[in-house]
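Here's the letter readout for the chains.
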Amino acid sequence: GAVVSQHPSWVICKSGTSVKIECRSLDFQATTMFWYRQFPKQSLMLMATSNEGSKATYEQGVEKDKFLINHASLTLSTLTVTSAHPEDSSFYICSARDGDRAGKTYGYTFGSGTRLTVV
Amino acid sequence: KQEVTQIPAALSVPEGENLVLNCSFTDSAIYNLQWFRQDPGKGLTSLLLIQSSQREQTSGRLNASLDKSSGRSTLYIAASQPGDSATYLCAVQALADYKLSFGAGTTVTVRA
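Draft legend 1. The interface of chain A and chain B, seen in detail. Listed as interface residues are 17 residues of chain A and, on the opposing side, 20 residues of chain B. Summed over both sides, the interface between chain A and chain B buries roughly 1,400 Å², with carbon and sulfur atoms accounting for 55% of that surface. Run the count over chain A and chain B and you get seven residue pairs in polar contact (both at pLDDT 80 or more). Mapped by element, the contributors of at least two residues to the side of chain A that touches chain B are β4 (32–38), β5 (44–51), β9 (90–97) and β10 (108–110) of chain A. Partitioned by chemical class, the residues of the side of chain A that touches chain B number eight nonpolar, seven polar and two charged.

Draft legend 2. Looking closely at the state of the cysteines. Per the counting criterion, the structure on display carries two disulfides over all chains. Put simply, C23 of chain B and C90 of chain B are joined by a disulfide, and their sulfur atoms are 2.0 Å apart. On the sign convention where negative means left-handed, the S-S torsion of about -55° between C23 of chain B and C90 of chain B marks this disulfide as left-handed. With a gap of 67 residues between them, C23 of chain B in strand β3 (residues 19–25) and C90 of chain B in strand β9 (residues 86–94) connect regions that are remote in the sequence. Overall, C23 of chain B belongs to the buried group, its relative accessible area being 2%. C13 of chain A takes part in no disulfide bond, and the closest cysteine sulfur, belonging to C94 of chain A, lies 18 Å away.

Draft legend 3. Structural view of the sheet that holds strand β6 (residues 56–59) of chain B. Residue and element names in this part refer to chain B. Taken in spatial order, the five strands make up an open sheet running β1-β3-β8-β7-β6, and their pairing is antiparallel. The open sheet terminates on both sides in strands that have one partner only, identified here as β1 (4–7) and β6. In this sheet, neighbouring strand axes are inclined to one another by 15° on average, regardless of whether the strands run parallel or antiparallel. Across six bridges, the pairing between strand β7 (residues 62–67) and strand β8 (residues 72–77) is antiparallel. Each residue of the ladder has a partner; that of N63, found in β8, is Y76.

Draft legend 4. Molecular detail of the pairing of strand β11 (residues 114–118) of chain A. Residues and elements named next belong to chain A. Residues of β11 alternate between two faces, with T114, L116 and V118 buried on one and R115 and T117 left unburied on the opposite face. Of the pairings in the sheet, the one linking strand β2 (residues 10–13) to β11 comprises four bridges and is parallel in character. Bridge pairing in β11 places W10 opposite R115. As paired strands, β9 and β11 are joined by three bridges and run antiparallel to one another. Following the sheet pairing, Y92 is matched in β11 by T114.

Conventions and cut-offs
Residues numbered from 1 in each chain as written. Chains lettered and ligands numbered in written order. Predicted model: local features only at pLDDT ≥ 70, side-chain atom pairs only at ≥ 80, totals over all residues. Heavy atoms only, no water. Contact = heavy atoms within 4.5 Å. Buried area = accessible area lost by both parts, 1.4 Å probe. Polar contact = N/O pair within 3.5 Å; in protein donor to acceptor, adjacent residues only side chain to side chain. Helix = DSSP H or I, 4+ residues; strand = E, 2+ residues; numbered from the N terminus. Nonpolar A, V, L, I, M, F, W, Y, C, P; charged D, E, K, R; others polar. Disulfide = S-S within 2.5 Å. Buried < 20%, exposed > 50% of the residue type's maximum accessible area, 1.4 Å probe, protein only. Pairing = 2+ DSSP bridges. Axes fitted to C-alpha atoms, helices over the stretch in contact; angles between N-to-C directions.

What follows is the structure in structure tokens.
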């Protein structure tokens, strides 16, 4: 089945530094990937849609200059949290819609998530 | 805006009991509905996907039904096991833009 690999699984960084999270589709090409944020005991909130070869589209209230998204290839999207602050500490999860293979059911596959702690 | 509600928020049952998890959504213009499992600190694992034209899907001990017109889906887990303990999330994919809307989840504890 479709596999999405996300790295790192956890990261601790100092306030003011930047952190990059990678999301790769391993066995399919994903023209579109999605980035979510999850607070403790809450559900997932969509942050942005990452489009291969074009600019990401951000959900209302998400700062595009703080959360930089790059989707340079059909299998890789990256999320960079710039000038991180403690309030950016959260669980970040990426996903891809498995609809780029002909005949495949268009469901979503998720990465394993990244726990970001800013100290 | 799509609103997805999951009831109950938490459930604790003894091993062997059947589980019934409910999901409701407000906008019936959906492409499909997916049930996911999330273990603490982990990503999401897809359990079942039901296309909007389907009424149910089954996989092993899992069965999910969909009534699109009434905006409801139910996940049944037969003969629960301690390994079924997790949070179960319901997500609907919008027909217009294929974006997912999630419920808050049902946290299940199966006691040995």
